[in-house]
Amino acid sequence: MSRLVQHIARGTTISPFVSLTRSYGIACGYALSGDELPTAAQPAYVYQIEIEAQDGHETKLLDPVTEIALHLQSPYEWKSYHHDGESSFLLGVVDPDRHAAELRRETRFPPGDRPTPRAPQLHAELEALVRALRDAEVLAVKGIPKPQVLQRWEVF
Amino acid sequence: MATAKAKTPPIKLNYTAREVPLPDLIDGKITFVAATIFDEPPLPFAIVNYKRSGKLQKKGLRMDLDKRIFLDHFDDAAFQQTLDTTAHTVAAAIGQARRAPAKTAASSAGD
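Nothing here was measured: the structure is a model prediction, and the numbers come from that model.

1. Thoughts on the overall build of chain B
Phase 1 of the analysis: Within chain B, the regular secondary structure consists of one helix and seven strands.
Phase 2 of the analysis: In sequence order, the secondary structure elements of chain B are arranged as β-β-β-β-β-β-α-β.
Phase 3 of the analysis: Of all 111 residues assigned to chain B, the portion counted as buried reaches 28%.
Phase 4 of the analysis: Counting contacts in chain B only where the partners sit at least 6 residues apart, residues at least 24 apart contribute 39% of the total.

Listed below in structure tokens is the structure:
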């Protein structure tokens, strides 16, 4: 579980997982961001793959949201994956570069509580959940066998 | 089981990108020169162009701006360590430029 969360939330690219997306638009975005802008002569690629449940002997798919949710704490527990900031805090998690201020906004507490001023708490589980939802992400364990590639589009 | 289909013509994507300079970002033998960022759609990635030992590299470094990391890994441990330690600073500089309104689109594709 830790490696799965690290893969999504911390960008650990050396991992047993391959990130896939259910969104063509997001796949195009990833395709654009190679080591140089793609051109008609040197395009980037978007792959459409088809993995059926019975093909699972070779490729195992994981829905990261489901996997993470299975390991979340009970609501009775003191520790929780929940944030304690404003609702706009999630904007910062979804888009931390452009909504950085939301991540730094000081947390409000009930009258009488005087804790050390701080930003809302953000646990890796919540970060991974939000990123996975944002990117319509599905994880493949190990690789994608060639026969499961349905289509390859050249994009630029 | 799926089978590969015939090759399709390249698809021209609608996007707007621009290059932002990265002045004074030098770490040892690496100079970060400029970054290509995407305004539309607003992708959380950048392509960072850099000089290594004074020589401009043809291929840029892929950066995840949200995670503030370079996505590429190199066998040269010293080089990799420099990238790991400077990624946050480079991402912050790019982020600042990204949040500023685009004056002109340096490059764009699409219709």
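Next, the rest of the story.
2. Here's the deal with the packing of helix α1 (residues 2-9) of chain A against helix α6 (residues 124-134) of chain A
In helix packing, the relevant descriptors are the interaxial angle and the interaxial distance, both defined with respect to the helix axes.
All names here are of chain A.
Phase 1 of the analysis: Following both chains from N to C, one finds α1 and α6 inclined at 60°, their axes separated by 8 Å at the closest point. With respect to α6, the element α1 is oriented oblique. Crossing of α1 against α6: the hand is left-handed. Residue-level contacts link Val-5, Ile-8 and Ala-9 of α1 to Ala-124, Glu-125, Glu-127, Ala-128, Arg-131 and Ala-132 of α6.
Phase 2 of the analysis: Partitioning the contact of α1 with α6 into residue classes produces six nonpolar, no polar and three charged.

3. Notes on unusual backbone geometry
The bulk of non-glycine residues show a negative phi, and the bulk of peptide bonds are trans.
Residue and element names in this part refer to chain B.
Phase 1 of the analysis: The omega torsion across Glu-40 and Pro-41 is -5°, close enough to zero to call that bond cis.
Phase 2 of the analysis: For Pro-41, the position within the fold is in the loop between β2 (30-40) and β3 (45-52).
Phase 3 of the analysis: The backbone of Arg-68 shows a phi angle near 55°, a positive value even though the residue is not glycine.
Phase 4 of the analysis: Classification of Arg-68 by C-beta neighbours within 10 Å gives partly exposed; the count is 18.

4. Let's talk about the environment of Ala-124 of chain A
Residues and elements named next belong to chain A.
Phase 1 of the analysis: Note on placement: Ala-124 falls in helix α6.
Phase 2 of the analysis: The class for Ala-124 is partly exposed, based on 15 C-beta atoms found within 10 Å.
Phase 3 of the analysis: Sequence separation between Ala-124 and Ser-2 is 122 residues, and the spatial gap between their C-alpha atoms is 9.3 Å.
Phase 4 of the analysis: Ignoring sequence-local partners within four residues, the contact set of Ala-124 consists of Val-5 and Ala-9.

5. What to know about the sheet that holds strand β1 (residues 17-21) of chain A
Residues and elements named next belong to chain A.
Phase 1 of the analysis: The antiparallel open sheet is built from three strands, whose spatial order is β1-β4-β3. In this open sheet, the two edge strands, each paired with only one partner strand, are β1 and β3 (60-62). Pairs of neighbouring strands in the sheet enclose a mean axial angle of 35°, with direction left out of account.

6. Observations regarding the environment of Val-130 of chain A
All names here are of chain A.
Phase 1 of the analysis: Within the secondary structure, Val-130 sits in helix α6.
Phase 2 of the analysis: You can call Val-130 partly exposed: it has 19 C-beta atoms within 10 Å.
Phase 3 of the analysis: In contact with Val-130, not counting residues within four places along its chain, are Leu-90, Val-93 and Val-94.

7. Re the interface of chain B and chain A
Many authors give the size of an interface as the accessible area that is lost as the parts come together.
Phase 1 of the analysis: With 35 residues of chain B in contact, the opposing surface of chain A contributes 27 residues.
Phase 2 of the analysis: Going through the elements one at a time, β1 (15-27), β2, β3, β5 (61-64), α1 (77-99) and β7 (107-109) of chain B are the ones with two or more residues in the side of chain B that touches chain A.
Phase 3 of the analysis: Across the side of chain B that touches chain A, the residue classes tally to 20 nonpolar, six polar and nine charged.

8. Here we look at α1 of chain B
Because an α-helix packs 3.6 residues into every turn, residues spaced three or four apart end up facing the same way.
Residue and element names in this part refer to chain B.
Phase 1 of the analysis: Compared with an ideal rise of 1.5 Å per residue, which puts 23 residues at 33 Å, α1 spans 33 Å between its outermost C-alpha atoms and is within 8% of the ideal.
Phase 2 of the analysis: Roughly 50° is the biggest bend found in α1, and it falls at Thr-86.
Phase 3 of the analysis: Against β1, β2, β3, β5 and β6 (69-70) lie the buried residues of α1.

9. Considerations on the environment of Ser-19 of chain A
Residue and element names in this part refer to chain A.
Phase 1 of the analysis: Along the polypeptide, Ser-19 turns up in strand β1.
Phase 2 of the analysis: Sequence spacing of Ser-19 and Asp-135 is 116 residues, and the spatial spacing of their C-alpha atoms is 9.6 Å.
Phase 3 of the analysis: Once you skip the residues sitting within four places of it in the chain, Ser-19 turns out to touch Glu-137 and Leu-139.

10. Quick look at the confidence of the model for chain B
Phase 1 of the analysis: Mean pLDDT over chain B stands at 85; residues scoring 70 or higher make up 85%.
Phase 2 of the analysis: Taken as a whole, residues 105-111 of chain B scores under 50 in pLDDT and shows 20 contacts with residues more than four places along the chain or in a different chain.

11. A short note on the pairing of β3 of chain B
Successive side chains on a regular strand alternate, one facing one side of the sheet and the next facing the other.
All names here are of chain B.
Phase 1 of the analysis: Extensive coverage of β3 is indicated by the burial of six of its eight residues.
Phase 2 of the analysis: The pairing of β2 with β3 spans seven bridges and is classified as antiparallel. Residue Ile-30 lies in a different strand from β3, and its bridge partner there is Arg-52.
Phase 3 of the analysis: Joining the antiparallel neighbours β2 and β3 is a turn of four residues.
Phase 4 of the analysis: Both β3 and β5 contribute to a ladder of four bridges, which runs antiparallel. Within the sheet, the bridge partner assigned to Ala-46 lies in β5 and is Met-63.
Phase 5 of the analysis: Direction of pairing for β3 relative to strand β4 (residues 55-56): antiparallel, over a ladder of two bridges. Each residue of the ladder has a partner; that of Lys-51, found in β4, is Leu-56.
Phase 6 of the analysis: Counting the residues in the hairpin turn of β3 and β4 gives two residues, including Ser-53, whose phi is positive at 50°.

Each value, and the rule that gives it
Residues numbered from 1 in each chain as written. Chains lettered and ligands numbered in written order. Predicted model: local features only at pLDDT ≥ 70, side-chain atom pairs only at ≥ 80, totals over all residues. Helix = DSSP H or I, 4+ residues; strand = E, 2+ residues; numbered from the N terminus. Buried ≥ 20, exposed ≤ 12 C-beta atoms within 10 Å, placed from the backbone. Contact = placed C-beta atoms within 7 Å. Axes fitted to C-alpha atoms, helices over the stretch in contact; angles between N-to-C directions. Parallel < 35°, antiparallel > 145°, perpendicular 65-115°, else oblique. Left-handed = near helix turned anticlockwise from the far one by under 90°. Nonpolar A, V, L, I, M, F, W, Y, C, P; charged D, E, K, R; others polar. Pairing = 2+ DSSP bridges. Expected span 1.5 Å × (residues − 1). Bend = angle between axes of the 7 residues up to and from the residue. pLDDT = per-residue confidence, 0-100.

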